[in-house]
Each structure stands twice: as C-alpha cells, then as structure tokens.
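# Analysis of the macromolecular model
Below, each chain spelled out in residue letters.
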Number of protein chains: 2
Amino acid sequence: MAASVNDKRGREGAPSGASPRRGEQTRALIVDTAVRLFAEHGYDQTTMRRVASDAGVSLGNAYYYFGSKEHLVEAFYDRLQAEIRAAAVPAIAGERDFATRLRTALHAAVDVMTPYHGFAGKLIKTATDPASPVSPFSEQSAPAREASIGLFREVVADSTTRLDARLRDELPELLWLGHMGITLYWVHDTSPGQRRTRLLIDRATPLVGRLVELTRLRVLRNVTHEVLELVRALRA
Amino acid sequence: MAASVNDKRGREGAPSGASPRRGEQTRALIVDTAVRLFAEHGYDQTTMRRVASDAGVSLGNAYYYFGSKEHLVEAFYDRLQAEIRAAAVPAIAGERDFATRLRTALHAAVDVMTPYHGFAGKLIKTATDPASPVSPFSEQSAPAREASIGLFREVVADSTTRLDARLRDELPELLWLGHMGITLYWVHDTSPGQRRTRLLIDRATPLVGRLVELTRLRVLRNVTHEVLELVRALRA
DNA sequence: GTCTATAGCAAGATAGAC
DNA sequence: GTCTATCTTGCTATAGAC
C-alpha cells in the first residue's frame, strides 16, 4: 500500500536508504529476547542461535550487533544497573540515617537481582575476566561503574551522619567496592531465598555506620587517613 | 629383547597388567603440557586437542584423566598452591613480627604467580563461577582452600604479636579472604611488573598489623567482637 | 585399568554474498 | 544490515587393542 511506503521515510536529514532507527530497533529486540531467555533458561541454555531465532533475525545478524555473547551480558548488566538505581533512589528518599540508607539501598539491589540468581554465576564469571568488556573495573564499563558509584554518592550525600571530610570523598567508592563484595557473596549464597545475604546486609550496615563514626576518634584518625591515602595511591 | 620383558614386571603385589604407576605418569604428563601451554599461549589458545597431541596422547585419553578443560585448571591451581606454600614457609621462618610475616608470605605468593599473570584472567574467571569445581568456595576445592588457609594460620601462630583470643581464631580465614582480594587486584593490575600489587602489599600489611593491635582497645573491643560474630554467623 | 582412533554433535564465532 | 554457509573447538561416544 502507498501509505506504508510513506511510513518508511526517515525524519532525520539523511535521506539515503532505510530509516536510521531500524538498527536501534533490531538491537533492542535482540537484547529484550536475550534478557528474557537468560532469566527463563539460564546462560548456557540460551544459545546465540536461540536468541537470534526467537528475535526473528539470523545468527549472523545477531553477531552484527553484538560481537560476542558476552556483549549481550554487558547489555543485560547495564539494564540491571538502571533498574537498581530506579528502585533504590525512591526507597531511601525519606531516610536520613546513613546506615539505614545504606541498608535500604543494598536490599533494593538484591530485590532487583533476585530473579536472576540462577544465572548470576555465569554473569559474574564473565564480569571477573579482566579482558572482558563487562569487567566492572574495565575502561569500557566506566559509565556503568560511575552510575553505580553515583548511587552510593547519594547514599552518603543526603545522610545526616557527620563524616571526616576526606572519608566523605572516598566513601562512595569504598561502599561500591563493598557492594561488589556483597554481590559476590550473594552469587555463592545457596541458602533459601538468599537469606544469608539479607543477614549480611542487616548486620553489616550498622557496623559500617559505627566504624565510620569511630574514625573520628583521635586514636583512629591517623590510621584512617593512611588507609585513605593508600586507596588513592592504588587508583593513580 | 628378553630384558625388556623382565623390566615390565611390577614391583607391587598385583601381578596383573601394566605398572600401577603408568596412569599417574600419563596424568602428570598431561598436566605438565597443559600448564606449559597455558603459560605460553594463554587459556583460549590452548585447545584440548593441542594439549593431547603435545603430550603425545589421544584426545580421548586426555578426557579419560580430566573430565573437562576446567579440571586441568583445577590441577594447575593445586600446583600453584603447593608452590606458594613451599616458597612462603621458609621465607617467613626467621621472622616473628606479624605484619612482616604477612607481607613476606604475600610477596612470596605473588612471586610464584607472576609467570602466569597473562593467563590468570582466565583462571580467575573459571574460579569465580560458583558452579565450577575450581571455585575457591566450593566443596570440591575444600582441601586446596584449607591448605591455603593453613599458610595464614602459620603466619599468625608463630608471630609474637599479642592478639585477642577470639580474633586469633578467625584471623587466618580473614587473611585468606584478604589474599583472595589481593589476587583479584593483581589479576586486574596492568602496571609494569604488577608494581601496584607490590605497593598494596607493602602498605596494607603494616596497616593490618596496627588495626589488629588496635582491636584490643576498649572502644573497639565491642565492635570487633560483633564483626567476628557476624563472620561466624555467615559461615554457619 | 590404560590407551588409540575416529566420528560426530552443539554452539560460539566468522566470511562473504546480496 | 541482513542472510547463508562454514569453521572451530569443547565435549561425547563407540569400538577395539593391550
């Protein structure tokens, strides 16, 4: 029909060829399919062939958009981060106590991740490879990492807890590191409903709150600053 | 020749078939070959077909001894642990200061691992998968883990540093966890010769030593014991 | 129990045509 | 951008020799 021909006209300046949107649509379609299959059947069961055929594209086309299966994991990871942020930010909005804000944010993260617990082992396996673009420490995942650290920056920023100025600067990144550790524990947590991870969060966050306050004591101030200096040196 | 027929007679009681040693020899030959190829060409480049042919055995035979490529990694890991212990124990023998013993042991571990830095990324990738038998937290690697914790038990045991009794019990396992963390850092360390990891060890161990002593202060005693209780709760 | 040879599958990845 | 065909490799299976 004539109308459908008109529909294909791009709104952008480039008049040549197909709509510049089509690529993005195909890309999103592949990610959607992959994320669904990851959750339903796990990582190994989700073959690239299956993703492609379920998405209605050829295998080669899937590889045109995602250079490897790991790149699909990367896309999945980005979505997860966004979901965690979307859940955590409103959850801590009313609270002012630092330890409580931290606890709430961490529980929100676990809530979001729970449906993927079975698949998370493979996810983290890919993430730990330094050569992988998905590695949380890699150059390529810097945006996702910064976004994640940003959440902890907010946890710290809006809390009423009094903090040493230098610690306040470094704390978000340290909390993010702690979050990585909790995630690692969660992946290995075989208790029903990952109860142990919940226990860890509930009991560790008040301790972190107390320790952070203790750093203001004279006996601990020196050692605290040395730890912070070391952290800075390791990053440079 | 008649002599060679005689050579085949086993020394053990079982008179049937070939020498009982033969299997172990083949097994060792395959591991030797795999470790060498891992170091020379990395993990992905080292195919099972290549390991088998370089070792002079058939592919089927390699799989007879090692159920999967990951099992080769496991064997490699066991060797590494033994080598680390063999290097660390004599290195700390004369020293009595806790922080110095810890530092020396950690440097010894890095020394042993250095030739494999390029390949370590893949190693740790396999190790992080909770489903893998190579996971340092898995049931199957309990012997290797215990051996590794044992090294830190020795670091603590023969030191003159005065320690809270409860902390003394838990410290070896906590130090082992720290060692896992350092290893993770080392794997991601792209500085020449992994200088940053050396810096981390040199500067973190005195801090650990001071912090351990500080836990004996009255202000910190409570929070210390709560941390230790949490650690126990998470293990149970 | 140890080992070879060989065939073949499944799935990640690539090449080249359209 | 999209497809089909093909390659590679981890892994399995089988049948048989010693």
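What counts and what doesn't
Residues numbered from 1 in each chain as written. Chains lettered and ligands numbered in written order. Predicted model: local features only at pLDDT ≥ 70, side-chain atom pairs only at ≥ 80, totals over all residues. Heavy atoms only, no water. Helix = DSSP H or I, 4+ residues; strand = E, 2+ residues; numbered from the N terminus. Polar contact = N/O pair within 3.5 Å; in protein donor to acceptor, adjacent residues only side chain to side chain. Contact = heavy atoms within 4.5 Å. Near = heavy atom within 4 Å. Nonpolar A, V, L, I, M, F, W, Y, C, P; charged D, E, K, R; others polar. Least-squares fit on C-alpha atoms with pLDDT ≥ 70 in both. Phe/Tyr/Trp six-rings, centres within 6.5 Å; stacked < 30°, edge-to-face > 60°. Buried < 20%, exposed > 50% of the residue type's maximum accessible area, 1.4 Å probe, protein only. Domains from an automatic or database assignment. Buried area = accessible area lost by both parts, 1.4 Å probe. Salt bridge = Lys/Arg side-chain N within 4 Å of Asp/Glu carboxyl O. Axes fitted to C-alpha atoms, helices over the stretch in contact; angles between N-to-C directions. Parallel < 35°, antiparallel > 145°, perpendicular 65-115°, else oblique. Left-handed = near helix turned anticlockwise from the far one by under 90°.

Let's shift gears to the side chain of H117 of chain B. All names here are of chain B. Topologically, H117 is positioned in helix α7 (residues 117–128). One polar contact links H117 to Q194, side chain to side chain, over a distance of 3.3 Å. Excluding residues within four positions of it along the chain, H117 makes contact with W186, V187, D189 and Q194.

Further remarks concern the protein's contact with DNA strand C. Near DNA strand C lie 19 residues; those nearest to it are R49, Y63 and K69 of chain A together with T26 and Y65 of chain B. Backbone atoms, meaning sugar and phosphate, make up 65% of the atoms of DNA strand C lying within 4 Å of the protein. Measuring from a phosphate oxygen of DNA strand C, one finds a backbone N or O atom of M48 of chain A at 2.8 Å. One of the side-chain N or O atoms of Y63 of chain A is found 3.2 Å from a phosphate oxygen in DNA strand C. Mapped onto the surface near DNA strand C, the elements with two or more residues apiece are α3 (48–55) and α4 (59–65) of chain A together with α2 (21–41) and α4 (59–65) of chain B. Across the surface near DNA strand C, the residue classes break down as six nonpolar, nine polar and four charged.

Turning to the relation of the copies chain A and chain B, a few remarks are in order. Overlay of chain A on chain B (RMSD 0.4 Å): rotation 179°, translation along the axis 0.1 Å. Given the turn and translation reported, the copies of this chain are related as if by a two-fold rotation axis. Judged by C-alpha distance, K125 of chain A is the residue of chain A that lies nearest the rotation axis, at 2.6 Å. Residue by residue, 100% of the interface of chain A is reproduced at the interface of chain B, so both copies engage with the same surface.

Now for the packing of aromatic side chains. What the rule picks out here adds up to 15 aromatic pairs over all chains. Ring geometry for F38 of chain A versus F76 of chain A: centroids 6.3 Å apart, planes at 85°, classification edge-to-face. Here F38 of chain A, found in helix α2 (residues 21–41), pairs with F76 of chain A, found in helix α5 (residues 69–92); they are 38 residues apart in sequence, far enough to count as distant. Taking relative accessible area as the criterion, F38 of chain A reaches 1% and is therefore assigned buried. With a relative accessible area of 2%, F76 of chain A lands in the buried category. Here the aromatic rings of F137 of chain B and W176 of chain B are separated by 5.9 Å at their centres, their planes lie at 80°, and the arrangement is edge-to-face. Of this pair, F137 of chain B sits in the loop between α7 and α8 (142–157) while W176 of chain B sits in helix α9 (residues 165–188); the two residues are 39 residues apart in sequence, bridging distant segments of the chain. Relative accessible area serves as the criterion here: at 4%, W176 of chain B is assigned to the buried category. An aromatic cluster is built from F38, Y43, F76, Y116 and F119 of chain A, whose rings are joined through pairwise contacts.

Here we take up the domain arrangement of chain A. Residue and element names in this part refer to chain A. When the domains of chain A are assigned, the result is domain 1 (5–65) and domain 2 (72–235). Here the C-alpha centroids of domain 1 and domain 2 sit 33 Å apart. Each partner contributes residues to the interface: domain 1 has 13 residues there, and domain 2 has eight residues. Summed over both sides, the interface between domain 1 and domain 2 buries roughly 960 Å², with carbon and sulfur atoms accounting for 78% of that surface. Area buried by domain 1 at its contact with domain 2 is led by V35, F38 and Y43, which between them contribute 51% of it. Applying the counting rule to domain 1 against domain 2 returns two salt bridges. D44 is the partner of K122 in a salt bridge, and the nearest nitrogen-oxygen pair spans 3.1 Å. Our count for the domain 1 to domain 2 interface comes out at two residue pairs in polar contact (both at pLDDT 80 or more). Put simply, the parts of the chain that give the side of domain 1 that touches domain 2 at least two residues each are α2 and α3.

Residue and element names in this part refer to chain A. Put simply, helix α7 (residues 117–128) and helix α9 (residues 165–188) touch, their axes get as near as 9 Å, and they point 125° apart. Considering the angle they form, α7 stands oblique to α9. As for the relative orientation of α7 and α9, their crossing is left-handed in sense. Contacts between α7 and α9 involve H117, A120, G121 and I124 on the former and, on the latter, T183, L184, W186 and V187. Its residues assigned to classes, the contact of α7 with α9 shows five nonpolar, three polar and no charged.

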